[in-house]
Amino acid sequence: MNTLKRRAIYFVFILIALLALSTPALGAGATYIIPIHGDIDNGNWLFIQRAYDEALKNGASAIIFDIDTYGGYIDSAINIADLILACPLPTYCYVNNKGLSAGSLIALAGETLLMAPGATIGAAEPRLFNQTADPKTISMWAGKLTSIAEIRGRNGQIAAAFADADIEIEGLTEKGKLVTLTAAQTIEYEMADNICANRSELIDEYDLSLNVETMEKNFQEKTGGWLSDPWISAILLTLGIAGIVIEILSAGSFGIFGTVGLISFALYFIGHFWVGNIGVGAILLFLVGLVLIILEIFVIPGFGVTGIMGIFSVLTSLVMAAANFNQAVLVLCGSFLAAVLIIFFTLRNKKTRKVWGKLVLSQKLDTTEGYVSNDEGLTAFLGKRGTALTILRPAGAAEIEGKRVDVVTAGEFIAAGSGVEVTLVEGMRVVVREI
């Protein structure tokens, strides 16, 4: 009886193992839909790569790349197009609204190209600072469009005319104009294979699996893409620069401005790190630069090598974090200009100072109200004169009546060695002006 029981148990285990091996994986044989929406950038490329790998791993029977984009960066578009070309499964690129600029290269890479009614494709001229790119870049990009189109059996000259306005095609375009095709024109010129009203019609038309898996971005991909958006990046940099500078120029302990500045810089780097624009090295370079700048301001007298190295490190890290050099220049220039304006109005404008004053403790512990200073000796310096021992930016140290005193100006910079006069004493705060 025991032998029979053991054999029965073995049989059950073997049967379970065989069933497990024969059971298809989750999503096996399914039609996978990978959306390619928004800007074509490194963040979108990483998402598409992850979704593609997951589709292959789960045994997908076909992949539909759902395209709706105004374009983006050339290098990211080439990576996505090459991935589609190398796919061992049937690939369908469905332009459901627009496949413009870099999106046109991706659309052409599909084994089957389909258009939604009213969709457009083309207008792929490479741009640099809102200007047409140099002839070398145009030639390279037009060549890539031609190559991908011809690999899929499509008209390479029309594909090149998406990017090169110098190409003239009789009956379609004259010299000086880029080609943009409507859905009907893509069929007329044999650039697309069919027009489908929606994805369901596409699946029915090509007899694809009705088991559909639509891939979506995860939290990190969504958040990283949002934070690394050029406009959001510019806002974060503006708040970061303005917050840190105002904190440095303000007397007292670390407060709201410094906190906002550090959080803004942290979000800037987190966003670009999550979309793969930078590694840990760029973040460390930024932190090193920030430390060097603080040392130069508060510890090392004068402004020299340490400060220059700090500024260079910070700027380099910010450039490294951007999607490319062109974006870095635009974002940095805009952010610095906006930050300068914020700093100016914060420190100089009385109405603005009142607004900021609501964020910090503004109550004065005045001796006329019955309060006594922690160091009553400081009031003796009121009206006295001395010499600035360090550069006052605006905080620093001065020698007054033979004593070293921590002082601050009303906002102006005073060089070391300049004569100063104490104009106000509030608690531990000694305010001076240059004589």
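Residues numbered from 1 in each chain as written. Predicted model: local features only at pLDDT ≥ 70, side-chain atom pairs only at ≥ 80, totals over all residues. Heavy atoms only, no water.

1. Regarding the pairing of strand E13 (residues 403-409)
Link 1 in the chain: In this structure, strand E12 (residues 395-400) lies alongside E13, joined through 6 bridges in antiparallel fashion. Looking at E13, one finds that Gly-396 is bridged to Val-407.
Link 2 in the chain: A loop of 2 residues connects E12 with E13, the two strands running antiparallel in sequence, and Glu-401 in this loop sits at a positive phi of about 50°.
Link 3 in the chain: Across 2 bridges, E13 lies against strand E15 (residues 429-434) in parallel orientation. In the sheet register, Thr-409 faces E15, and the bridge partner there is Val-432. (Pairing = 2+ DSSP bridges. Helix = DSSP H or I, 4+ residues; strand = E, 2+ residues; numbered from the N terminus.)

2. Structural notes on the packing of aromatic side chains
Link 1 in the chain: Under the definition given, this model contains 5 aromatic pairs.
Link 2 in the chain: Relative to Trp-274, the ring of Phe-219 lies with its centre 6.3 Å away and its plane at 70°, an arrangement referred to as edge-to-face. Highlighted residues: Phe-219 in helix H9 (residues 219-227) and Trp-274 in helix H11 (residues 256-274), separated in sequence by 55 residues.
Link 3 in the chain: For Trp-274, a relative accessible area of 28% puts it in the partly exposed group.
Link 4 in the chain: An angle of 50° between the planes, with centres 4.8 Å apart, marks the rings of Phe-269 and Phe-286 as tilted. Here Phe-286 lies in helix H12 (residues 280-298) and Phe-269 lies in helix H11, a separation of 17 residues in the sequence. Side by side, Phe-269 and Phe-286 carry an identical accessibility label, which is buried.
Link 5 in the chain: Pairwise contacts between aromatic rings join Phe-265, Tyr-268, Phe-269 and Phe-286 into one cluster. (Phe/Tyr/Trp six-rings, centres within 6.5 Å; stacked < 30°, edge-to-face > 60°. Buried < 20%, exposed > 50% of the residue type's maximum accessible area, 1.4 Å probe, protein only.)

3. Looking at the nonpolar core
A general trend in soluble globular proteins is that nonpolar side chains are found buried together.
Link 1 in the chain: Ranked by size, the top nonpolar core spans 66 residues in total, and within it Ile-34, Ile-63, Phe-65, Leu-108, Leu-145 and Phe-162 carry the most contacts.
Link 2 in the chain: Apart from the residues within four sequence positions on either side, Leu-145 is in contact with Ser-104, Leu-105, Leu-108, Ala-124, Ala-159, Phe-162 and Ala-163.
Link 3 in the chain: Counting 25 residues, the second largest nonpolar core, distinct from the first, contains Ala-242, Ile-293, Val-314 and Val-331. (Core = buried A, V, L, I, M, F, W, Y, C linked by side-chain atoms within 4.5 Å. Contact = heavy atoms within 4.5 Å.)

4. Some words on the sheet that holds strand E14 (residues 419-426)
Link 1 in the chain: The sheet built from 5 strands closes into a barrel, its strands ordered E11-E12-E13-E15-E14 with mixed pairing. Taking each pair of neighbouring strands and ignoring which way they run, the sheet shows an average axis angle of 55°.
Link 2 in the chain: Pairing geometry for strand E11 (residues 385-388) and E12, over 3 bridges, is antiparallel. Paired with Gly-386 across the bridge in E12 is Ile-400. (Axes fitted to C-alpha atoms, helices over the stretch in contact; angles between N-to-C directions.)

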